[in-house]
Amino acid sequence: MLDARKNDDPKLIFELRLHPSRSLAEPTAGDSVFFPFPSKEFGFEMTDRTQPFDDLPVCHAGELPDAVFARFLTRQRWFGSKARGIDRIERIDDLQPGDSTATAFNEAEPCGLAIVAVHPVEARSESYAIPWVIRPGAPEDQESPQAILARIETEMGETAHLREGLTDLRLAAAWFDAIRFQRSRPTRRGWIRGVALPGLEAAWPADQPAPAPRPLSAEQSNSNLTFGQTAILKVFRKLERGENPDLEMGRFLARHGFPQVPEVLGHLDWVASDQSLVTLAMLQRLVPNSGSAWTWFLNDLSSRLNAMPEADPTLGAATLATEDRAPGLARLLGQRTAELHQVLASDPDDPGFAPEPYRAEDHRRLLDEVAERWRRLEPLLTDHLSHTTPIEQATVEMVVAGFPALVNRLRVQADDLVAQASPRRIRVHGDYHLGQVLVVGEPHAPDVVLLDFEGEPARSLEARKAKTSPLKDVAGMIRSFDYAATLAVHAARDLRGEQSASNGNDPVAIKTVADQWRAQMTAAFEEGYFATLSNDQAAHPDAASRTILAAHLADKALYELDYELNNRPDWVSIPLKGLAALCDPGVGY
Ligand SMILES: Nc1ncnc2c1ncn2[C@@H]1O[C@H](COP(=O)(O)OP(=O)(O)O)[C@@H](O)[C@H]1O
Ligand SMILES: O=P(O)(O)O[C@H]1O[C@H](CO)[C@@H](O[C@H]2O[C@H](CO)[C@@H](O)[C@H](O)[C@H]2O)[C@H](O)[C@H]1O
């Protein structure tokens, strides 16, 4: 977790001239700059002490080699191809301090933005944004080595260091103001521009100084910084040509009156000289909340498990039967999800959003993708086997044996069912899980706000913007209740440790209660969803929906397997277990 000290230095003044035009007009060199003056230091919590400063690569300030960025990328949570290795990388653009900006920053502490294309081994290339700053001297002892890219040798033989730019909160504040005042700045091959949306002036009047930024967390797919109690800046790390769906969907949902999402206040774009556009960052209204639905549901189950006095599986069921707060919120989440889908399907005149029929061939294409994903993942899983427990190995074997049959089963069922039920393809959230949901309102009457509409970071932008069955989101949330149940069991077992064996509160009983909880939350969520869509409180999904849902559950669990192999190898068993359940025709989900 990054922890920044409060920045209230009045010397934080940026020499930035306003770009007069709000259009896509290309700025001239020296028009305006995003480079802040240096000011005071900020401390960061150490997350990894294994990287002594002396072991870092050495380079010169005027020539930052690609290898330095490659090395840095492989250490970041948001870098997607860690399990594959990098074949080569190339710098596709740079925002750099040049002669024209020399008056606007201190030459001893320049900063810039590298846009880097990574070519992983046997996978399609990916581009990343790496803002950077150079600071004199060595990093302070307490700083995270993950934030430091290289040692810099200056011409005078002095030491400096190259660090990740957003760890310097002056840079984040300069990006905020670039959006607020719609500034733009030329890059080597295009330019960068800030765009303010109408709500921003109301949220933060132009005559008020920029609020102090605070990094939210280092452990995300992107980097998020809050500005006072008002705004949150999401800096996208993995870049793709085109408007980021998070921004596109946020604007669509606001236009069509869906209140359960944060208001979008502005954005920062990188525009190439051919006018193609990439969203670099998005500013949103900060929503007061009491934490994520992930924490809320995990706490709910953990407190039930920790309160279990003895090993009586039926006791868990009794507890679940009398406690209705969690099923109530799961049901409301299902209702809000259905309302989201209704709004996303509400504009037949917008070609990007107009609903289309979900045909049998769409279902077959989904299953082809699932089969292809499995083909790519199987060798990674086999590599992973050497580090696993016998139980996990048995699960891997079960999945390896059963997966092709599962795909075939879903293929065979699909054609007739889909033809009978005429389901639809619409724009969806795409990476829907409990961590994307904020719990808001009073504790006795909680509601939800939905976040992060950029889709699964590992998929191409085209795939993330493609219309698909809304059951993809339903599947995402069902998988998330499964994650919560498994993690709560692990946590409860860790807490009880060896006591379990002696007091009879054994892991089997804990698991039984957690399984019941998962089934109950899933049922409540589905009820809320299908009842809202059909206006029938007793609605149940039809057979076609069940088949499409099962295909999306398989797809999601494979996505998660890939995600965990790349990011959290210790968690691989969670999606693996989910896949094993799907492969077993007698179990399902
Ligand atoms: N508008 C917002 N209001 C309050 N908190 C937010 C808002 N947007 C994001 N957050 C917080 O930031 C976290 C990460 O945001 P998210 O959009 O999911 O980014 P990422 O893609 O990096 O996961 C969320 O889990 C939430 O805690
Ligand atoms: O960072 P994002 O929120 O965009 O999403 C990525 O990271 C998620 C983990 O933080 C990952 O979600 C998976 O783990 C969750 C628990 O940590 C669980 O609730 C989700 O169901 C599970 O998919 C998500 O897949 C990934 O895209």
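Remember, it's a predicted structure, so these values are computed and weren't measured experimentally. (Residues numbered from 1 in each chain as written. Chains lettered and ligands numbered in written order. Predicted model: local features only at pLDDT ≥ 70, side-chain atom pairs only at ≥ 80, totals over all residues. Heavy atoms only, no water.)

## Side note on the overall build of the protein chain
Then comes step 1: The helix and strand inventory of the protein chain stands at 15 helices and 18 strands.
Then comes step 2: Buried positions account for 56% of the 589 residues belonging to the protein chain.
Then comes step 3: A sequence separation of at least 24 residues applies to 76% of the contacts in the protein chain between residues at least 6 apart.
Then comes step 4: Carbon and sulfur atoms form 53% of the exposed surface of the protein chain, whose accessible area is close to 24,900 Å². (Helix = DSSP H or I, 4+ residues; strand = E, 2+ residues; numbered from the N terminus. Buried < 20%, exposed > 50% of the residue type's maximum accessible area, 1.4 Å probe, protein only. Contact = heavy atoms within 4.5 Å. Areas by Shrake-Rupley, 256 points an atom, 1.4 Å probe, with all protein chains shown as cover.)

## Section: the site of ligand 2
Then comes step 1: Taken together, 15 residues are adjacent to ligand 2, and S221, S480, Y559, E560 and R568 come closest.
Then comes step 2: Within the side chain of Y563, an N or O atom sits 2.9 Å from an oxygen atom of ligand 2.
Then comes step 3: Separating an oxygen atom of ligand 2 from a side-chain N or O atom of R568 is a distance of 2.9 Å.
Then comes step 4: A total of 530 Å² of accessible area belongs to ligand 2 in isolation, and the protein chains cover 93% of it.
Then comes step 5: For the shell around ligand 2, the secondary-structure elements that each account for two or more residues are helix 11 (471-496) and helix 14 (543-567).
Then comes step 6: Examining the composition of the shell around ligand 2, we find that three residues originate from one element, helix 14, more than from any other.
Then comes step 7: In terms of residue class, the shell around ligand 2 is built from six nonpolar, four polar and five charged. (Near = heavy atom within 4 Å. Polar contact = N/O pair within 3.5 Å; in protein donor to acceptor, adjacent residues only side chain to side chain. Nonpolar A, V, L, I, M, F, W, Y, C, P; charged D, E, K, R; others polar.)

## Digging into the sheet that holds strand 13 (residues 264-272)
Then comes step 1: On the basis of which strands lie adjacent, the open sheet formed by seven strands has the order 7-8-13-14-11-10-9 and antiparallel pairing. The sheet is open, and its two edges are formed by strand 7 (184-186) and strand 9 (213-217), each paired on a single side. Taken over all neighbouring pairs, the strand axes of this sheet differ in orientation by 20 degrees on average, direction set aside.
Then comes step 2: In this sheet, strand 10 (residues 223-227) lies alongside strand 9 in antiparallel orientation, the contact comprising four bridges. For R214, the partnering residue across the bridge sits in strand 10 and is T226.
Then comes step 3: Contacts from helix 4 (residues 245-255) reach strand 11 (231-235), strand 13 and strand 14 (277-285), with the element oriented near 140 degrees to strand 13. (Pairing = 2+ DSSP bridges. Axes fitted to C-alpha atoms, helices over the stretch in contact; angles between N-to-C directions.)

## Description of the nonpolar core
Then comes step 1: Membership of the largest hydrophobic core comes to 89 residues, with the highest contact counts inside it found for F297, L333, F403, L450 and F481.
Then comes step 2: Looking at this core, the element that brings in the most residues is helix 11, giving 13 residues.
Then comes step 3: The residue makeup of this core includes at least three contributed by each of domain 2 (171-285) and domain 3 (318-583).
Then comes step 4: L450 has contacts with F258, Q260, V261, P262, L333, L340, Y432, Q436 and V437, leaving out every residue within four places of it along the chain.
Then comes step 5: Counting 39 residues, the second largest nonpolar core, distinct from the first, contains L95, V133, L200 and M282. (Core = buried A, V, L, I, M, F, W, Y, C linked by side-chain atoms within 4.5 Å. Domains from an automatic or database assignment.)

## A few points about unusual backbone geometry
Glycine aside, negative phi is the norm for most residues, and most peptide bonds take the trans geometry.
Then comes step 1: Backbone geometry places Q275, a non-glycine residue, at a positive phi of 75 degrees.
Then comes step 2: Mapped onto the elements, Q275 comes out in the loop between strand 13 and strand 14.
Then comes step 3: Positive phi values are uncommon outside glycine, yet D452 reaches one of about 60 degrees.
Then comes step 4: Structurally, the position occupied by D452 is in the loop between strand 18 (447-450) and helix 10 (461-465).

## Observations regarding the packing of helix 8 (residues 360-385) against helix 14
Then comes step 1: As a packed pair, helix 8 and helix 14 sit with axes 10 Å apart at the nearest point and diverge in direction by 30 degrees. Taken together, the axis directions place helix 8 and helix 14 in an arrangement best described as roughly parallel. Handedness of the crossing formed by helix 8 with helix 14: left-handed. Across the interface between the two elements, H363, L366, L367, V370, R373, W374, L377, L380, L381 and H384 from helix 8 touch T547, I548, A551, H552, D555, L558, Y559, L561, D562 and L565 from helix 14.
Then comes step 2: Of the residues in the contact of helix 8 with helix 14, the class split is 13 nonpolar, four polar and three charged. (Parallel < 35°, antiparallel > 145°, perpendicular 65-115°, else oblique. Left-handed = near helix turned anticlockwise from the far one by under 90°.)

## Brief notes about the side chain of T279
Then comes step 1: Here T279 shows up in strand 14.
Then comes step 2: A polar contact of 2.8 Å, which involves the side chain of T279, links it to the backbone nitrogen of N244.

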